[in-house]
There are 2 protein chains.
Amino acid sequence: MKKFIPLLKRTKLFAGVADEEIGAMLTCLDAKMGAYKKGEYVLRQGEHLSHIMVIVEGELHIQRDDYWGNRAIVNRIAVGQTFGEAYVSPESGALLNDVIAVRDSTVIFFDVRKILSVCSAACRFHSMVVQNLFFAISEKNRSLVQKLGHMSKRTTREKLISYLSEEAMRSGSASFTIPFNRQQLADFLSVDRSAMSNELCKMRDEGLLEFDKNQFKLL
Amino acid sequence: MKKFIPLLKRTKLFAGVADEEIGAMLTCLDAKMGAYKKGEYVLRQGEHLSHIMVIVEGELHIQRDDYWGNRAIVNRIAVGQTFGEAYVSPESGALLNDVIAVRDSTVIFFDVRKILSVCSAACRFHSMVVQNLFFAISEKNRSLVQKLGHMSKRTTREKLISYLSEEAMRSGSASFTIPFNRQQLADFLSVDRSAMSNELCKMRDEGLLEFDKNQFKLL
DNA sequence: CTCTTTTTGTTGTAAAAACAACCGACTTGT
DNA sequence: ACAAGTCGGTTGTTTTTACAACAAAAAGAG
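What you are looking at is a predicted structure, and each value in this text was computed from that prediction instead of being measured.

## Some details on the domain arrangement of chain A
Residue and element names in this part refer to chain A.
Step number 1: Looking at chain A, the domain boundaries give domain 1 (2-147) and domain 2 (153-218).
Step number 2: Each of domain 1 and domain 2 has a C-alpha centre, and the two are 28 Å apart.
Step number 3: Between domain 1 and domain 2, the contact holds eleven residues from the first and seven residues from the second.
Step number 4: Summed over both partners, the interface of domain 1 with domain 2 comes to about 710 Å²; 61% of that surface belongs to carbon and sulfur atoms.

Listed below in structure tokens is the structure:
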């Protein structure tokens, strides 16, 4: 687990915590590691979560499949990001979604109760982690609201424009790469893949944008 | 402001804090009160927020109107609930939505920085409020995910079933009252009002549910 | 109580999306 | 290298939605 300390240091969760402190905290917070193959479930809807997870390798999707096989991708968790902050609260019920590895992934789990309760040991930075956790969930909250902004658009085209504009804004350039393939993007925006593909090509023909695979350019 | 202390005591934010402490904290946290008429804007998209608000009278909608007049209702804030927790983080940018009073409303604002920094005075319960704030945003996070669950449904009917099921679940009964009129519900689910009204009546005719104004019963 | 405004339901039409089926290009594994 | 699988695009059909316009009922104002 130690080899991930430099990476952990750069995460939002451990921002401002010294290297040597992180090592101590791994013990203090009862950190456990898990490895998942591509396509494997990390957590399943209905489970009760007692740990917060930080992803240190790979990529996860928070998603949900309904009875008819429609998949909705709620969110994407990349290296350095966390999942489970929203389930820290004692009143939070069962997990609403599945968490699945979209690539071979490694995850470190931290015991929630140990994070929230003050520890006696060397964790001078404990309270900073609590505040970081707050900022992390705060950021996730804003990202969910932004996603709602895309989903509340009526047409596939508007959803695409809303999403792609955000990605362009985030990357700070009209050219950018999205972290989804077509099917995943369709599941993320909750539209039909073929209809979306069709719409993308129409938009390209109209000169609104260019794309090649996951590389997009807004014009 | 004092008359709201009993109410504040029952909010999630001040859970576990004694009456007399709340009075002290109102000063300590630099609480300010604001009154808003029905239809008035409390906050506007693009503003920068430095306060967390607790609503003590009335009802607010978090919403966004686009260029073409389409309104999307992101969330509803009722008495005792908070808004702005997600904008506490220093990196959080401008407000993504408008906040509007749907009824005459009264709001108490708390200075964010004073909440997050440790105060010297009588606020023994300060750290409890920080944790409560965490739980509040955590709950809001889950509610956003649930809303995404409704919005990710493809048809108006499915969205309605998803939403109404949740409301039934929450009320613990097949009969329940929703906090929206038809137009607001349509804006909340991001569908056309007339189409939704039509769908609701079809579902009633098929024997799926009964309703009278905002009162619904699932069968 | 009466007039006005708001809310809800209804209908028809045009636009858009979902769905299904298929093809070719590209990957991957053996 | 070859077979199997994945991925993105295309097309046609059916279903659903948005939009617009209107009517009836309810709520609210004076």
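What follows picks up the thread again.
## Re the protein's contact with DNA strand D
Step number 1: With respect to spatial proximity, 18 residues lie near DNA strand D, and among them R193(A), N198(A), F211(A), T155(B) and T156(B) are the closest.
Step number 2: Taking the atoms of DNA strand D that fall within 4 Å of the protein, sugar and phosphate contribute 63% of them.
Step number 3: Within the side chain of S197(A), one N or O atom sits 3.0 Å away from a phosphate oxygen of DNA strand D.
Step number 4: Every element with two or more residues in the surface near DNA strand D is listed here: α6 (182-189) and α7 (193-205) of chain A together with α7 (193-205) of chain B.
Step number 5: With five residues, the top contributor of residues to the surface near DNA strand D is α7(A).
Step number 6: The residue makeup of the surface near DNA strand D, split by class, is three nonpolar, nine polar and six charged.

## What to know about the interface of chain B and chain A
Step number 1: Of the residues lining the interface, 38 residues belong to chain B; the matching set on chain A comes to 38 residues.
Step number 2: Looking only at chain B, the three residues that lose the most surface to chain A are F134(B), L148(B) and R154(B), adding up to 20% of its buried area.
Step number 3: Counting across the interface, chain B meets chain A through zero salt bridges.
Step number 4: Those elements that place two or more of their residues in the side of chain B that touches chain A are β5 (71-78) and α4 (126-151) of chain B.

## Examining the side chain of S105(B)
Residue and element names in this part refer to chain B.
Step number 1: Position of S105 among the secondary structure elements: in strand β8 (residues 105-111).
Step number 2: A polar contact of 2.6 Å, which involves the side chain of S105, links it to the backbone oxygen of R103.
Step number 3: Every residue in contact with S105, bar those within four places of it in the chain, is listed here: G34, A35, Y36, I55, E57, G58, E59 and L60.

## Comments concerning the packing of helix α5 (residues 156-171) of chain B against helix α6 (residues 182-189) of chain B
Residues and elements named next belong to chain B.
Step number 1: For the pair α5 and α6, interaxial distance at closest approach is 11 Å and the crossing angle is 105°. Taken together, the axes of α5 and α6 lie roughly perpendicular to each other. Residues K159, L160 and Y163 of α5 lie in contact with α6, whose contacting residues are L185, F188 and L189.
Step number 2: A class-by-class count of the residues in the contact of α5 with α6 yields five nonpolar, no polar and one charged.

## Focus: the protein's contact with DNA strand C
Step number 1: The environment of DNA strand C is made up of 17 residues, and the closest members are T156(A), R182(B), S197(B), N198(B) and F211(B).
Step number 2: The contact atoms of DNA strand C, taken as those within 4 Å of the protein, divide so that sugar and phosphate hold 62%.
Step number 3: Here a phosphate oxygen of DNA strand C and a backbone polar atom of T156(A) are 2.3 Å apart.
Step number 4: Going through the elements one at a time, α7 of chain A together with α6 and α7 of chain B are the ones with two or more residues in the surface near DNA strand C.
Step number 5: Counting residues per element, the surface near DNA strand C draws most heavily on α7(B), which supplies five residues.
Step number 6: Taken together, the residues that form the surface near DNA strand C break down as three nonpolar, nine polar and five charged.

## Observations regarding the packing of aromatic side chains
Step number 1: Counted by the stated rule, this structure contains 19 aromatic pairs over all chains.
Step number 2: Considering the side-chain rings of F134(A) and F135(A), the 6.3 Å spacing of their centres and the 75° angle between planes classify their relative orientation as edge-to-face.
Step number 3: In this structure an aromatic cluster arises from ring pairing among F134(A), F135(A), F134(B) and F135(B).
Step number 4: Directly above the ring of Y41(A) sits R44(A), whose terminal nitrogen or CZ lies 3.7 Å from the centroid.
Step number 5: Stacked on the ring of F188(B), the Lys or Arg K147(B) has its end atom at 4.3 Å from the ring centre.

## Regarding the sheet that holds strand β4 (residues 59-65) of chain B
Through backbone hydrogen bonds, the strands of a sheet pair up, either in parallel or in antiparallel fashion.
All names here are of chain B.
Step number 1: Strands sit in the order β2-β7-β4-β5 across an open sheet of four strands; the sheet is antiparallel. Each edge of the open sheet is held by one strand with a lone partner, namely β2 (41-43) and β5. If you compare each strand with its neighbour and ignore which way they point, the axes differ by 35° on average.

## Remarks on α7(B)
Step number 1: Between the first and last C-alpha of α7(B) there are 18 Å, a value that for 13 residues agrees with the 18 Å anticipated at 1.5 Å per step.
Step number 2: Its buried side turned inward, α7(B) meets α5, α6, β10 (209-212) and β11 (215-218) of chain B.

Here is what the cut-offs are and how they apply
Residues numbered from 1 in each chain as written. Chains lettered and ligands numbered in written order. Predicted model: local features only at pLDDT ≥ 70, side-chain atom pairs only at ≥ 80, totals over all residues. Heavy atoms only, no water. Domains from an automatic or database assignment. Contact = heavy atoms within 4.5 Å. Buried area = accessible area lost by both parts, 1.4 Å probe. Near = heavy atom within 4 Å. Polar contact = N/O pair within 3.5 Å; in protein donor to acceptor, adjacent residues only side chain to side chain. Helix = DSSP H or I, 4+ residues; strand = E, 2+ residues; numbered from the N terminus. Nonpolar A, V, L, I, M, F, W, Y, C, P; charged D, E, K, R; others polar. Salt bridge = Lys/Arg side-chain N within 4 Å of Asp/Glu carboxyl O. Axes fitted to C-alpha atoms, helices over the stretch in contact; angles between N-to-C directions. Parallel < 35°, antiparallel > 145°, perpendicular 65-115°, else oblique. Phe/Tyr/Trp six-rings, centres within 6.5 Å; stacked < 30°, edge-to-face > 60°. Lys NZ or Arg CZ within 6 Å of the ring centre and 35° of its normal. Pairing = 2+ DSSP bridges. Expected span 1.5 Å × (residues − 1).

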